[in-house]
Amino acid sequence: MSGVTGRLRGALPWSETRVLALLAVALALGAPLRTMYHLIDVVGDPTLFLAVSAVSLAAAALLARFLPPVVALVIGVVLFAAGLVWYITNLTTDPAIADLLRDTAALLSGRRLLQIANVRLWVISFAPAPVFLATYFALRRWYVTAVMAAGTTLTFFVLTTDAGVVTTLLGVVGGFAAIGFGNLDTLSPPDETIPPASSDTASATGGDAAEGDAGVDSGRRAVLEQLAAIIVLPTILSRAPSVSGSALSFTDESGTTVEGSLLDADESLTVQGDISLTPTVRFTVESEEPRYWRVAAYDRYTGDGWVRTGNASPYGGNRLTGPPGDSRPLRQSYEAESAISTVPAAWKPIRYDGEIDVELTTHRGFQPIEQLTAGDSYEVTSEVVVATPRQLRDAGEDYPDRITQRYLQLPDSTPDRVRETTTTLTANAENPYETALVVERWLQNEREYSLEVDKPDYSVADRFLHEMDRGYCVYFATTMVVMLRTQGIPARFAVGYTSGEQVDENRWVVRGLNSHAWVEAYFPDHGWIQFDPTPSGPRESARQNRIEEARSDGDDSADTDETGGESGFTPTPTATPPPLTETPEENETPTPTPNGTDDAGDTPTPRDRSGGGTDGGDGGTTLPELPSREEAALGLVALLGTAAGLRRAGVTDRVSRAIWLRYQRREDPETDVERAFQRVMAVLADEHRPRERGETVRAYLDAIDAGAEARRIATLRERLRYGGDVSEAAADEAVEIADSVVENR
């Protein structure tokens, strides 16, 4: 024990296992650091976070040689406490301390950190402690403690669902590998070698060697156990539910659908790939006019999805404030036809009256506390914005600070080309309203509607704008919001249902396939105005085809007694509800087209034509996708861990020895005879015992009663050693004897 302590206090030798252990700890710590970097990147500049992390790491590296572990633990606790105090101090003005308490309680119950308004401040306050502790204990060779510091941090992010599956897997693999390599590093001296010899060699060296081998064997077993865990763990995780399964991901248990988790309207949404349509009737609504039945809105763009920040608040039944400008009331009555966990309503809802209690989201929408079941009903009164195109053109850009702080956010990693492309497309737009119309129309005209898409790994808006040819509503709406934000126009991502199938003068039947995503842009003195960049024709065609398919399959959930042509009502053909509440005024100037041209062929298309889009080109060769950085890192760690484990367990030595015994490459006669002799002696050592130090070859062969072949090859070697010359025929004979002995052993 004193030897180990001495090594810890003095200069620590660097061995192969120590380097691998430190690399594995770095991977285990890198997983939560990567999560924190992503959180910071989503909301702002990560420079300060990187600086704080680098200082913490450097301090740990400098103090590791002489600082006692107890003092290091105290420093870690102090760093954590200081960060918490700094965080609270900066929150006392905005928001109030009550928001901090609500955020803390929500995090403990599994809420995402991205839902906290001041997530950047939180991460910068939290980062120094785990970075310092994990680095310090790794350099002190307390690998288990280092992994605990990194693993506890990663576990927290897993519980808040901010750590993705791949990131979590990388951290777990790194932790297992660090413990395995650490066992070998602490059990074996750094300069120890493990020769590929038989077990009799160890017994001949005495009790100390046997005891040392026991420690090495223990280390081998530990590494093999870690390697087994690395192999088994991905299988377990791949079969387990996703840690972000509670997020609004447009998926459900029956498959990937447009609606999916929209029925739960959770506080986050992840963009998906291929989807399908759900024909099941969800609710009916009575209203004087068709609207988009809005469910929720999201303000924070993560690059691959959306998050709604802030906390929901109780609704006491009082009337809410309406839009800031002119509006008119619209009363709606809803009845659930199947289980649903949302309260759809036309924007902007100001009063709710129903059987199920609701709460208010941070975007002033209603959300049920309990699930609605078939037969449940409620009424909503909304104030619909009344604004003409001329009024919106004249609205100006005097946005309130609370709006710009929340609805202009973009990840710091958003490529500059998104802003550059949008600026080019809207060069002739003279105000935010015209900018929004240009972007809306460009997306409708330049991108196709399709439910079959390959989801980008990150930066959905950038990829859809520059590299994709088609997508569905989530892609169109996400891209438009991001494009508007690059131009300084506050915008947000909204989800809900389109009006549905009209079955009476003021009655609509809404199915799951009516679920939809659109855009809301803010205009001073008017509030939030709806825009829909998704092409309506192809979308409605796909939905109608799905209804007909469900009816032909006998799916009773796709219809009520009012649908399917049985009601006798023939609705007037109308397009989807327009984004504005009033028709354009006479003599209004036409909506500007990109760069002031009406020729679609002259419209600049930002898509990269050199390599084709994600949906393939015209007969071009499709190259296999390269692995992501996470997959490459995971493969590298698994490869290093497997190689080190196999080497320390003696597997590589045994394989090398087996190859050496069985295959002899011919060189010159002298070399061939010597190697053939050594091969035979190795076989004899395995079958009998190794030749002892000082024992002659003849004495050894007599002692083990060796056969004629072994004695013959010994004679040929004696001629080589004492005669100095061996013929090619003698070399051939020696190799044949060795091959025969090895084959017949």
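Residues numbered from 1 in each chain as written. Predicted model: local features only at pLDDT ≥ 70, side-chain atom pairs only at ≥ 80, totals over all residues. Heavy atoms only, no water.

Caption draft 1: Here's a closer look at the sheet that holds strand 3 (residues 268–270). Reading across from one edge, 3-7-6 is the order of the three strands in this open sheet, with antiparallel pairing throughout. Two strands bound the open sheet, and with one partner strand each, they are strand 3 and strand 6 (300–301). (Pairing = 2+ DSSP bridges. Helix = DSSP H or I, 4+ residues; strand = E, 2+ residues; numbered from the N terminus.)

Caption draft 2: Structural detail: the environment of alanine 61. Note that alanine 61 resides in helix 3 (residues 47–63). Given the relative accessible area of 37%, alanine 61 is considered partly exposed. Not counting chain neighbours up to four residues away, the residues in contact with alanine 61 comprise Thr135 and Leu139. (Buried < 20%, exposed > 50% of the residue type's maximum accessible area, 1.4 Å probe, protein only. Contact = heavy atoms within 4.5 Å.)

Caption draft 3: Molecular detail of the environment of aspartate 162. By the element assignment, aspartate 162 lies in the loop between helix 8 (143–159) and helix 9 (165–187). Distance in space between the C-alpha atoms of aspartate 162 and leucine 39 is 8.2 Å, their sequence separation being 123 residues.

Caption draft 4: Representation of the sheet that holds strand 16 (residues 491–497) in the model. Overall, antiparallel pairing links the four strands, which are arranged 5-16-19-20 in an open sheet. Of all strands in the sheet, those with a lone pairing partner are strand 5 (293–298) and strand 20 (527–531), marking the two edges. Averaged over all pairs of adjacent strands, the angle between strand axes in this sheet comes to 40°, irrespective of strand direction. The pairing of strand 19 (residues 515–523) with strand 20 spans five bridges and is classified as antiparallel. Bridging from a neighbouring strand, phenylalanine 523 pairs with glycine 527 of strand 20. Of the strands in this sheet, strand 16, strand 19 and strand 20 are in contact with helix 17 (residues 473–486), which crosses strand 19 at around 15°. (Axes fitted to C-alpha atoms, helices over the stretch in contact; angles between N-to-C directions.)

Caption draft 5: Examining the pairing of strand 17 (residues 501–504) more closely. Here strand 17 runs beside strand 18 (residues 507–511); their pairing, made up of three bridges, is antiparallel. Note that in strand 18 the partner of glutamate 501 across the bridge is valine 509. Counting the residues in the hairpin turn of strand 17 and strand 18 gives two residues.

Caption draft 6: Representation of the packing of aromatic side chains within the structure. Tallied over the entire structure, the rule returns 26 aromatic pairs. Note on tyrosine 298 and phenylalanine 493: the rings are 6.4 Å apart at their centroids and 55° apart in plane angle, and the pair reads as tilted. On the criterion of sequence distance, the pair formed by tyrosine 298 in strand 5 and phenylalanine 493 in strand 16 is long-range, its members being 195 residues apart. The exposure class of tyrosine 298 is buried, given its relative accessible area of 0%. By relative accessible area, phenylalanine 493 is classed as buried at 0%. (Phe/Tyr/Trp six-rings, centres within 6.5 Å; stacked < 30°, edge-to-face > 60°.)

Caption draft 7: Summary view of helix 8. With 17 residues, helix 8 ought to run about 24 Å at 1.5 Å a step, and its terminal C-alpha atoms sit 24 Å apart, in line with that. Within the span of helix 8, buried status applies to Tyr143, Ala146, Val147, Ala149, Ala150, Thr153, Leu154 and Phe157. The buried residues of helix 8 occupy one face: seen down the axis, they fall within an arc of 155°. Across from the buried face of helix 8, at angles greater than 90 degrees, the exposed residues are Met148, Thr152 and Leu159. Threonine 161 occupies a position one or two residues after helix 8 and carries a positive phi of about 65°. (Expected span 1.5 Å × (residues − 1). Arc of directions from axis to C-beta.)

Caption draft 8: Spatial organisation of the pattern of salt bridges. Applying the stated rule across the entire model yields 27 salt bridges. Note that arginine 328 and glutamate 289 form a salt bridge whose closest N and O atoms lie 2.7 Å from each other. Pair noted here: arginine 328 is in strand 9 (residues 327–336) and glutamate 289 is in the loop between strand 4 (281–287) and strand 5, with a separation of 39 residues, a long-range link. Accessibility expressed as a relative area gives 24% for arginine 328, which makes it partly exposed. One salt-bridge network, in which partners are shared between bridges, spans Glu501, Arg511, Glu548 and Arg551. (Salt bridge = Lys/Arg side-chain N within 4 Å of Asp/Glu carboxyl O.)

Caption draft 9: Main features of unusual backbone geometry. Here the amide bond leading from tryptophan 347 into lysine 348 is cis, since omega sits at 10°, within 30 degrees of zero. Positionally, lysine 348 belongs in the loop between strand 9 and strand 10 (349–354). Residues other than glycine seldom take positive phi values, yet arginine 364 does so here, at roughly 65°. As for its placement among the helices and strands, arginine 364 is situated in the loop between strand 11 (358–360) and strand 12 (366–368). Judged by its relative accessible area of 35%, arginine 364 is partly exposed. For aspartate 525, which is not glycine, the phi torsion reads 70° and is therefore positive. Here aspartate 525 shows up in the loop between strand 19 and strand 20. Take aspartate 525: its relative accessible area is 58%, and that puts it in the exposed class.

Caption draft 10: The packing of helix 21 (residues 669–687) against helix 23 (residues 708–723), seen in detail. Helix 23 packs onto helix 21 with a crossing angle of 145° between their chain directions and a minimal axis gap of 10 Å. Considering the relative orientation of helix 21 and helix 23, their crossing is left-handed. In this structure, helix 21 contributes Glu670, Val673, Glu674, Ala676, Phe677, Gln678, Val680 and Leu684 to the contact, and helix 23 contributes Ala710, Ile713, Ala714, Leu716, Arg717 and Leu720. Across the contact of helix 21 with helix 23, the residue classes tally to ten nonpolar, one polar and three charged. (Left-handed = near helix turned anticlockwise from the far one by under 90°. Nonpolar A, V, L, I, M, F, W, Y, C, P; charged D, E, K, R; others polar.)

Caption draft 11: Molecular detail of the packing of helix 2 (residues 16–43) against helix 7 (residues 128–139). Packing of helix 2 against helix 7 brings their axes to within 10 Å, and their N-to-C directions diverge by 170°. The orientation of helix 2 relative to helix 7 falls into the category roughly antiparallel. Residue-level inspection shows Arg18, Leu22, Val25, Leu29 and Leu33 of helix 2 in contact with helix 7, the latter providing Pro130, Val131, Ala134, Thr135, Ala138 and Leu139. By residue class, the composition of the contact of helix 2 with helix 7 is nine nonpolar, one polar and one charged. (Parallel < 35°, antiparallel > 145°, perpendicular 65-115°, else oblique.)

Caption draft 12: Structural context of the nonpolar core. Formed by 83 residues in total, the largest nonpolar core has its most connected members in Tyr352, Leu484, Phe493 and Phe531. Among residues more than four places away in sequence, those in contact with tyrosine 352 are Tyr315, Val343, Val358, Phe366, Tyr378, Glu379 and Val380. Counting residues in each nonpolar core, the second largest holds 27 residues, with Val683, Tyr700, Leu701 and Val726 among its members. (Core = buried A, V, L, I, M, F, W, Y, C linked by side-chain atoms within 4.5 Å.)

Caption draft 13: Focus on the pairing of strand 16. Buried residues dominate strand 16, accounting for seven of its seven residues. Burial of the side chains of strand 16 extends over both faces: Ala491, Phe493, Val495 and Tyr497 are buried on one face and Arg492, Ala494 and Gly496 on the other. One ladder, built from five bridges, connects strand 5 with strand 16; its direction is antiparallel. Of the residues in strand 16, the one forming a bridge with alanine 297 is alanine 494. Across seven bridges, the pairing between strand 16 and strand 19 is antiparallel. Counted as the bridge partner of arginine 492 is glutamate 520 from strand 19.

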